[in-house]
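Below are the chains, spelled out letter by letter.
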Amino acid sequence: IASRVGSGKLQQWIRDIISLASAPELPQMYSIISQIPFVGVVTNTWDDLIERAFGHRNPVTITPTAREILTSAMREDSFFVFKRFGRLSDQPREFLFTPEQHRRAALQNRALNRFISTLCASRTFLFIGTSLSGIEEFFVSSGIRTTPGRTHYALVPNEPGTDLERERLANKFSIKLLGYNATPAFPEVPEFLRQVASKLPIGALGTRPGREPRTLGQITLNNIGPFDNLTLSLDRRWNLILGDNGC
């Protein structure tokens, strides 16, 4: 479609659809999900519902064409919203429409590859509102072949063939399927999120659990410059070490 009608017209159609479905109040599911202290959100959508829901977390919005912001987001451990298909923009590069376009963007952006690989290896994913084929497409198009040592989870409706996919996805991507019996409008999804939020410690809702910063307690120099052997004890205050070159 994109190749026939052009990026500009396609984006305008999407804007029209989003504006027809938009409302001043957030949908219930977004209000609930914003209470859970996720470290970040990966979304396939072009709307701004996730950013609005997590506005109190001051999210860093990341798109597939980003480079510097990817590095800083990993380094600073900032709460992020990664929009896999970019955003509606006057810049055609910022807007992706197909998984193949995302795959090409990931191949061209090494920082994006490192970002997604680091997420898959160090964070636990919870997939919500995504089909089984969509979950597999996310890993494949991102260049992720396996996620050893890290179990991910996916909330999916029970359907014919789900049991077969359960074993395959567990072996291939370490994904554990959380099945539910779906009814019209899928009220089971916000109820699941509500139960997750209810299990959190008091005071944890909407915040990220604090972590004690890692600090150095001691440094030992062996055969470095004029020091044959020197042990320095460090404390939580500022510690300044000057070398013989002034650094």
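Use the structure listed above.
Predicted model only: the values in this text are computed from it and were never measured. Residue positions are given per chain, counting from 1 as you read along its sequence in written order. Reporting in this predicted model follows two pLDDT cut-offs: at least 70 for local features of residues, and 80 or more for side-chain atom pairs to be given and counted; totals over whole chains, interfaces and linings ignore these cut-offs and use all residues. To obtain the side-chain values, all non-hydrogen atoms of the structure were included, while hydrogens and water were left out.

Enquirer: I'd like a description of the nonpolar core, backed by residues and values.
Expert: Within the largest apolar cluster, 25 residues are counted, with the highest numbers of intra-cluster contacts made by Phe115, Ile116, Phe139 and Ile175. Starting at the N terminus, helices and strands are each numbered in turn, a helix being any DSSP run of H or I of at least four residues and a strand any DSSP run of E of at least two. Going through the elements one at a time, strand S3 (80-83), helix H7 (110-122), helix H8 (132-141), strand S5 (152-157), helix H9 (162-173) and strand S6 (175-180) are the ones with two or more residues in this core. By residue number, the principal contributor to this core is H7, which donates six residues. Beyond its immediate sequence surroundings of up to four residues, Ile116 is in contact with Phe82, His102, Phe138, Ser142 and Ile144. In these notes, a set of buried Ala, Val, Leu, Ile, Met, Phe, Trp, Tyr and Cys residues joined through side-chain atoms within 4.5 Å is what counts as a nonpolar core. Throughout, exposure labels follow a simple rule: accessible area from a 1.4 Å probe, protein chains only, divided by the maximum for the residue type, with under 20% read as buried, over 50% as exposed, and the rest as partly exposed. With 17 residues, the next largest nonpolar core counts Ile33, Ile36, Val41 and Val189 among its residues. In what follows, a contact means two residues having at least one pair of non-hydrogen atoms within 4.5 Å.

Enquirer: Break down the packing of helix H6 (residues 99-108) against H7 for me, with residues and values.
Expert: Taken N-terminus to C-terminus, the directions of H6 and H7 make an angle of 105 degrees; their axes are 5 Å apart at the nearest point. The pairing of H6 with H7 is recorded here as roughly perpendicular in orientation. Residues His102, Ala105, Ala106, Leu107 and Gln108 of H6 touch H7, and the partners they reach there are Arg110, Leu112, Asn113 and Ile116. Every angle, taken between N-to-C directions, lies between 0 and 180 degrees, and every axis is a line fitted to C-alpha atoms, over only the stretch in contact when it is a helix. To sort the angles, those under 35 degrees are grouped as roughly parallel, those over 145 as roughly antiparallel, those from 65 to 115 as roughly perpendicular, and the leftovers as oblique.

Enquirer: For the layout of surface pockets, give the residues involved together with the corresponding values.
Expert: A pocket here means an open set of points on a 1 Å grid, computed over the protein atoms alone, that has protein on both sides within 12 Å along at least five of seven lines. A cavity is instead a set of points where a 1.4 Å probe fits but cannot get out; residues with an atom within 4 Å of a point line either one. Grid points are joined across faces, edges and corners, and a volume is the space filled by probe spheres set on the points. The space that makes up the largest pocket amounts to roughly 910 Å³. Around the largest pocket, the lining is made up of 33 residues, and of these Gly40, Val41, Val42, Leu126 and Ile128 lie nearest the centre. When residues of the lining of the largest pocket are traced back to their parent elements, those giving at least two are helix H3 (28-33), strand S1 (40-43), strand S4 (126-128), H8 and helix H10 (188-198). With four residues, S1 is the single largest residue contributor to the lining of the largest pocket. For this scheme, ten residues count as nonpolar: Ala, Val, Leu, Ile, Met, Phe, Trp, Tyr, Cys and Pro. Four count as charged, namely Asp, Glu, Lys and Arg, and the remainder, Gly too, count as polar. Residue classes in the lining of the largest pocket are distributed as 23 nonpolar, eight polar and two charged. What the second largest pocket holds in volume is close to 300 Å³. Lining of the second largest pocket is provided by 16 residues; of these, Gly129, Thr130, Tyr180, Phe186 and Val189 occupy positions nearest its centre. Mapped by element, the contributors of at least two residues to the lining of the second largest pocket are S5 and H10.

Enquirer: Quick rundown of the sheet that holds S6? Include the residues and the values.
Expert: Think of it this way: DSSP has to see at least two bridges between two strands before they count as a pair. Taking strand neighbours across the sheet as the criterion, the three strands line up as S4-S5-S6 in an open arrangement whose pairing is parallel. Whereas interior strands pair on both sides, the edge strands pair on one side only; in this sheet they are S4 and S6. Direction aside, neighbouring strands of the sheet carry axes that sit 25 degrees apart on average. Two elements, S4 and S5, share three bridges in a ladder whose sense is parallel. Residue pairing across strands places Leu126 opposite Tyr153, the latter belonging to S5. Its contacts with the sheet place H9 against S5 and S6, and it is angled at close to 155 degrees to S6.

Enquirer: Go over H9, please, and point to the residues and values.
Expert: For a helix, the expected span equals 1.5 Å multiplied by the number of residues minus one. Under the 1.5 Å per step criterion, the end-to-end length of H9 is 15 Å for twelve residues, consistent within 8% with the ideal 16 Å. Buried residues belonging to H9 abut H8, S5 and S6.

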